Amino acid sequence: QKGQIRVQTENIFPIIKKFLYSDHEIFLRELVSNAVDASQKIKTLSSIGEAKGELGELRIDVVLDAKEKTLSIIDRGVGMTAEEVDKYINQVAFSGAEEFMNKYKDANIIGHFGLGFYSAFMVSDKVELYSKSFKDESGVYWSCDGSPEFELYNVDYNNRGTKIVLHINEESQEFLDAERIRGILKRFCKFLPIPIFFSEAGVEKAGVEKEEEQEPINNTDPLWVKKPSELSKEDYEKFYKELYPFSETPLFWIHLNVDYPFNLTGVLYFPKIKQSYEIQKDKIQLYSNQVFVTDEVKDIVPEFLMLLHGVIDSPDIPLNVSRSYLQGDPNVKKINAHITKKVADKLEEIFRNERSSFEEKWESLGLFVKYGMMTDDKFLEKANKFLVMEDVSGKFHTLEEYKTATETLQKNKEGKTVVLYTTNPVQQDAYVQAAREKGYVVVKMETLVDAAFINTMEMKWDNVTFVRVDADIVDNLIDKQEGNDSILSAEESTKLKELFAIEIPELHVTTEVKGLSATTAPVVATRPEFMRRMKDM
Ligand code: ADP
Ligand code: MG
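Residues numbered from 1 in each chain as written. Chains lettered and ligands numbered in written order. Predicted model: local features only at pLDDT ≥ 70, side-chain atom pairs only at ≥ 80, totals over all residues.

## Here we look at the sheet that holds strand E15 (residues 417-422)
Sheet strands associate in pairs through backbone hydrogen bonding, adopting either a parallel or an antiparallel arrangement.
Part 1 of the reasoning: An order of E16-E15-E17 is seen for the 3 strands of this open sheet, with the pairing classed as parallel. The open sheet is flanked by strand E16 (442-444) and strand E17 (464-468), the only strands paired with a single partner. Recorded for the sheet is a direction-independent mean angle of 40° between the axes of neighbouring strands.
Part 2 of the reasoning: Relative to E16, E15 is paired through 3 bridges, and the arrangement is parallel. In the sheet register, Thr 422 faces E16, and the bridge partner there is Lys 444. (Pairing = 2+ DSSP bridges. Helix = DSSP H or I, 4+ residues; strand = E, 2+ residues; numbered from the N terminus. Axes fitted to C-alpha atoms, helices over the stretch in contact; angles between N-to-C directions.)

## Here's the deal with the UniProt feature "binding site: ATP" (unreviewed entry) in the chain
Part 1 of the reasoning: Under the feature "binding site: ATP" (unreviewed entry), the UniProt entry names Glu 30, Asn 34, Asp 75, Met 80, Ser 95, Gly 96, Thr 162 and Arg 323.
Part 2 of the reasoning: Looking at the secondary structure, you find Asp 75 in strand E2 (residues 70-75).
Part 3 of the reasoning: For Asp 75, a count of 28 C-beta atoms within 10 Å corresponds to the buried category.
Part 4 of the reasoning: If we ignore the near neighbours within four places in the chain, the residues touching Asp 75 are Ala 35, Ala 38, Ser 39, Ile 60, Gly 161 and Thr 162.
Part 5 of the reasoning: Of note, Ser 95 is situated in the loop between helix H3 (82-89) and helix H4 (96-104).
Part 6 of the reasoning: Residue classification places Ser 95 among the partly exposed residues on the basis of 19 C-beta atoms within 10 Å.
Part 7 of the reasoning: Excluding its chain neighbours within four sequence positions, the residues that come into contact with Ser 95 are Gly 111, His 112, Phe 113 and Gly 114. (UniProt positions renumbered as here; feature names shortened; annotations may be inferred. Buried ≥ 20, exposed ≤ 12 C-beta atoms within 10 Å, placed from the backbone. Contact = placed C-beta atoms within 7 Å.)

## Some thoughts on the site of ligand 1
Part 1 of the reasoning: Residues in contact with ligand 1 amount to 21 residues; listed here are only the nearest, Ala 38, Ser 95, Gly 96, Gly 111 and Gly 116.
Part 2 of the reasoning: Looking at the shell around ligand 1, the elements that each hand over two or more residues are helix H2 (26-47), H3 and H4.
Part 3 of the reasoning: Of all the elements, H2 adds the most residues to the shell around ligand 1, at 4 residues.
Part 4 of the reasoning: A per-class count over the shell around ligand 1 returns 10 nonpolar, 9 polar and 2 charged. (Near = placed C-beta within 6 Å. Nonpolar A, V, L, I, M, F, W, Y, C, P; charged D, E, K, R; others polar.)

## So, the confidence of the model for the chain
Part 1 of the reasoning: Overall, the predicted model of the chain reaches an average pLDDT of 85, with 84% of residues at or above 70.
Part 2 of the reasoning: In the model, residues 481-485 has pLDDT below 50 throughout and makes 5 contacts with residues more than four positions away in sequence or in other chains. (pLDDT = per-residue confidence, 0-100.)

## Observations regarding the pairing of strand E6 (residues 161-168)
Part 1 of the reasoning: Extensive coverage of E6 is indicated by the burial of 7 of its 8 residues.
Part 2 of the reasoning: Sheet analysis places E2 next to E6, joined by 6 bridges and oriented antiparallel. Along E6, the bridge assignment pairs Ile 73 with Ile 164.
Part 3 of the reasoning: Two strands pair when backbone bridges link them, and strand E3 (residues 124-132) and E6 are joined in this way by 8 bridges, in the antiparallel orientation. Across the sheet, Glu 128 pairs through a bridge with Val 165, a residue of E6.

## Digging into the sheet that holds strand E12 (residues 309-313)
Part 1 of the reasoning: Read across the open sheet, the 5 strands follow the order E8-E9-E12-E10-E11; overall the sheet is mixed. Looking at the sheet topology across the chains shown, the edges are occupied by strand E8 (252-258) and strand E11 (291-294). Across the sheet, the axes of successive neighbouring strands diverge by a mean angle of 20°, strand direction being ignored.
Part 2 of the reasoning: Sheet topology note: the strand E10 (residues 284-288)/E11 ladder contains 3 bridges and is antiparallel. Its bridge partner lying in E11, Tyr 287 is registered against Phe 292.

In structure tokens form, the structure reads like this:
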């Protein structure tokens, strides 16, 4: 037998109520984005002449009436006829947004699945809807108390658009708190394209004249939707402050703007960072058509770029994202790769065109770059060109430059380039000076990420080995000559070992005055690189 699965609405309703979203506050995002969609639709229809008459001021009002225990969302959008209410509202999971998009190719529409409206029942005992379509028909009234039964009839409702009245249920009284609602609106609706006003019924704001216009809670024209060519440095810095009021001015930014093969806009900022422990992840906000989705962008943004700040917006990432969904989504993979490429290109551009400024910022940049090189091979490939290492005299070298600068000098027996480094130029000064006197270049590897970076790069870079400057006497480090015998007697050597061993158990003592200038140190204590790394790991 073949047939159709039948769904019992009595059973499905409670499931929707309970499980549609784990976060109940999402209902407001859904209803406001429906109001935005309705407003965008009337704009589109009016611009192509399908909707006649005045467009009027498009705005969305969210009105809280704590006394009546209602929350209303009012828009001046397309509205619905009785027939449309029956089609779009009474049929769960039937999306008018999808239909509209297919017909008008309007990319500004948020809706997708035809479920959002029902999130209202997560917080309401009863939902009422008043609507008047732009088509010249009577106003309609619809209501439902969360059971599968509804009422629908004509009423006198003469403002084009829709008003949804939620009767907030007993468990959801938190949504009768003005600050809570304002907070949700600020979080999810801060950059929606239609002005949103929040007010409380019966509450007159002290000092605000009735006629005086309140401020909308949103910025309808956020920076990332504008053309990069129209924006100044100040605009980018101002927007950064809008996102992160207490942060320092960012180093630079990347304006993302792709419309094929996926849609992606946004601005990513490189924050100023002095120490890796200052890094705050989860600073990137994900939007979908200017609706806030989440600030957990793992999977969308490559791990190492989660250190960046800013906004990415892609309508190709659906609103009701879940972690497992994101991981498998092909668009998400493409977006991830695109962001990596953009960031690498930007870094290379700054490196090539403004090298001194690049070097000045290296203290902050180095961290991203090194982290990226360790974790992302695509990035590594590009970053090999602009990774720099600062030597103890303050000069910066790319790997290629380092190789050239030290070409004949710093190769070991196997012909590998030996990168001599110091983790502490002050403490290791004697070794550093000895190496410099021989003409060697010693680079600084002082940050937390460096130890891991060195280990990883030895595997990724061919023919390069890293040696800490105090791992042996300098002639042995480069390993071109035969090792020199100690000029100390065995007894003296043991004594010295004992002396140092108090602090460093695996101390390895070599005394070799030839490799050092007499003024710096007559005796050097060293610990082999492999021993130290074992211990550091
Ligand atoms: P979606 O937004 O994903 O399409 P919803 O459940 O949120 O699904 O809404 C279902 C449909 O109801 C919408 O597509 C739209 O046609 C209609 N609708 C909902 N809210 C409004 C509104 N404020 N104004 C006009 N139509 C609306
Ligand atoms: Mg919707």
